[in-house]
Amino acid sequence: MEINASKRGPRLHVKLVGELDHHSAEQTRNMLDTLLKDITVRDLTIDLSGVSFMDSAGLGVILGRYRILSMRGGHLTVTGMSGAIDKIFRMSGVYAIVDRV
Amino acid sequence: MDNWMELTFPSLSINEGFARSATAAFAALLDPTIDELSDLRTAVSEAVTNAIIHAYGNDRSAMITLRCEAEGKKLRVTVKDTGCGIADIELARRPFYTSKPELERSGMGFAVMEAFTDSLEIESAPGEGTTVIMEKELGRASGN
Ligand SMILES: Nc1ncnc2c1ncn2[C@@H]1O[C@H](COP(=O)(O)OP(=O)(O)OP(=O)(O)O)[C@@H](O)[C@H]1O
Ligand SMILES: [Mg+2]
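Structure report, in brief. Computed from a predicted structure; not experimentally measured. (Residues numbered from 1 in each chain as written. Chains lettered and ligands numbered in written order. Predicted model: local features only at pLDDT ≥ 70, side-chain atom pairs only at ≥ 80, totals over all residues. Heavy atoms only, no water.)

## Considerations on the overall build of chain A
Each helix and strand in chain A was counted, giving three helices and five strands. Tracing chain A from N to C terminus, the helices and strands come up as β-β-α-β-α-β-α-β. Counting only C-alpha atoms, chain A reaches 30 × 25 × 20 Å along its principal axes. Taken across its 101 residues, chain A has 47% of its residues classed as buried. Sequence-distant contacts in chain A: of pairs separated by 6 or more residues, those separated by 24 or more amount to 66%. Summing over all exposed atoms, chain A offers an accessible surface of approximately 4,700 Å²; the carbon and sulfur share of this is 51%. Averaged over its 13 positive side-chain charges, chain A has a centre that lies 6 Å from the centre of its 11 negative ones. (Helix = DSSP H or I, 4+ residues; strand = E, 2+ residues; numbered from the N terminus. Buried < 20%, exposed > 50% of the residue type's maximum accessible area, 1.4 Å probe, protein only. Contact = heavy atoms within 4.5 Å. Areas by Shrake-Rupley, 256 points an atom, 1.4 Å probe, with all protein chains shown as cover. Lys, Arg positive; Asp, Glu negative; His and termini not counted. Charge placed at Lys NZ, Arg CZ, Asp CG, Glu CD.)

Dropping the structure here:
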């Protein structure tokens, strides 16, 4: 997984490029959590427009980061979902807790 | 049965992507739509990942078998492991149920397989491994 991050104040924008499955989940999780060690980050946007594949393992990564942010009173936004990713997010109720753009 | 293929590979996570690609390559012979191929890749990935994560513990040399069978426009995909098996299949199928919440599993794998295919069948017993059988009709949008 390739990850491109830019930060402005409390906002962190992260673009993921690659396939988000169980194989890449741990590396992706570690990279995101390294960025989230900066406790000034309150609003994380994950741009999925470069993610050509995601399954429930990827869903776990997204929801795990949501938990970290909500514990510090922050929140998570997702953007750039393909039709398949959108379908997984919808069926698992992600949009009730995570914003979409 | 018109055509079929079978692959056996060790339970390494790198084979999740391989299994998706191999299934998509076989399915492409049935003239599927892009969306159908995408659904199929997701469903196969869920089944193979489950075998890797749940069936064999930390044993990475245990084998997984992926079988694809074509019959007319219908594709049947079978993912088989010889691991620990599932004691309560009904519970395992339930959306959000996971036996490994500590690993950030969402418990949506079987629900995704069900949503992304036409039918999902699970054969499993403790100590006897698990076989997941999914069927999907392809090429619907093209009308032939
Ligand atoms: N091949 C298998 N061998 C043994 N147990 C399995 C197997 N596949 C699934 N299970 C059991 O069924 C449960 C539900 O599987 P499911 O794929 O729905 O969720 P998960 O794998 O736990 O989480 P997720 O798929 O969202 O990462 C698993 O937690 C596991 O206990
Ligand atoms: Mg699973």
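## So, the overall build of chain B
When helices and strands are tallied, chain B shows four helices and five strands. Moving toward the C terminus, one meets the helices and strands of chain B in the order β-α-α-β-β-α-α-β-β. Compactness check: chain B gives a C-alpha radius of gyration of 15 Å against a globular reference of 15 Å for 144 residues, within 12% of the reference. In terms of overall dimensions, chain B has C-alpha extents of about 45 × 30 × 25 Å along its principal axes. (Rg over C-alpha atoms; globule rule 2.2 N^0.38 Å.)

## So, the sheet that holds strand β4 (residues 119–124) of chain B
Paired through backbone hydrogen bonds, the strands of a sheet run either parallel or antiparallel to each other. Residue and element names in this part refer to chain B. Read from one edge of the open sheet, five strands run β1-β2-β3-β5-β4, paired in antiparallel fashion. At either margin of the open sheet sits one strand with a lone partner, and together these are β1 (3–10) and β4. With direction set aside, neighbouring strand axes in the sheet form an average angle of 15°. With eight bridges joining them, strand β3 (residues 74–81) and strand β5 (residues 130–137) adopt antiparallel strand pairing. Residue pairing for β5: Lys-74 is matched across the bridge by Glu-137. Docked against the sheet, helix α2 (residues 34–55) engages β1, β2 (63–71), β3 and β5, running at close to 180° with respect to β5. (Pairing = 2+ DSSP bridges. Axes fitted to C-alpha atoms, helices over the stretch in contact; angles between N-to-C directions.)

## What to know about the pattern of salt bridges
Scanning all chains against the criterion turns up 17 salt bridges over all chains. One salt bridge in this structure joins Arg-20 of chain B and Glu-19 of chain A, with 2.7 Å as the shortest N-O distance. Of the two residues, Arg-20 of chain B is situated in helix α1 (residues 14–27) and Glu-19 of chain A in strand β2 (residues 11–20); the pairing between them involves two chains. Between Glu-114 of chain B and Arg-93 of chain B there is a salt bridge whose closest N-O contact spans 3.4 Å. Here Glu-114 of chain B, found in helix α4 (residues 109–116), pairs with Arg-93 of chain B, found in helix α3 (residues 89–93); they are 21 residues apart in sequence, far enough to count as distant. On the basis of relative accessible area, Arg-93 of chain B is assigned to the partly exposed category, the value being 24%. Put simply, Glu-6, Arg-67, Glu-69, Lys-74, Arg-76 and Glu-135 of chain B are held in one network by salt bridges that share partners. (Salt bridge = Lys/Arg side-chain N within 4 Å of Asp/Glu carboxyl O.)

## Describing the side chain of Asp-21 of chain A
Among the secondary structure elements, Asp-21 of chain A is positioned in the loop between β2 and α1 (22–36). Accessibility expressed as a relative area gives 4% for Asp-21 of chain A, which makes it buried. Within the structure, the side chain of Asp-21 of chain A is placed 2.9 Å from the side chain of Arg-20 of chain B, a separation counted as a polar contact. (Polar contact = N/O pair within 3.5 Å; in protein donor to acceptor, adjacent residues only side chain to side chain.)

## Some remarks on α1 of chain B
Residues and elements named next belong to chain B. In a regular helix each residue adds 1.5 Å, so 14 residues correspond to 20 Å; α1 covers 21 Å between its end C-alpha atoms and thus fits that length. Most of α1 is tucked away: ten of the 14 residues are buried. Looking at α1, one finds that the buried residues are Asn-15, Glu-16, Gly-17, Ala-19, Arg-20, Ala-22, Thr-23, Ala-24, Phe-26 and Ala-27. (Expected span 1.5 Å × (residues − 1).)

## A word on the layout of surface pockets
Roughly 560 Å³ of volume is contained in the largest pocket. What lines the largest pocket is a set of 31 residues, among which Asn-50, His-54, Ile-86, Ser-99 and Phe-110 of chain B lie closest to the centre. Elements supplying a minimum of two residues to the lining of the largest pocket: α2 (56–71) of chain A together with α2, β3, α4 and β5 of chain B. No other element matches the eight residues that α2 of chain B contributes to the lining of the largest pocket. (1 Å grid on protein atoms, 1.4 Å probe; cavity = no way out; pocket = protein on both sides within 12 Å on 5 of 7 lines; lining within 4 Å. Points joined across faces, edges and corners; volume = space filled by probe spheres on them.)

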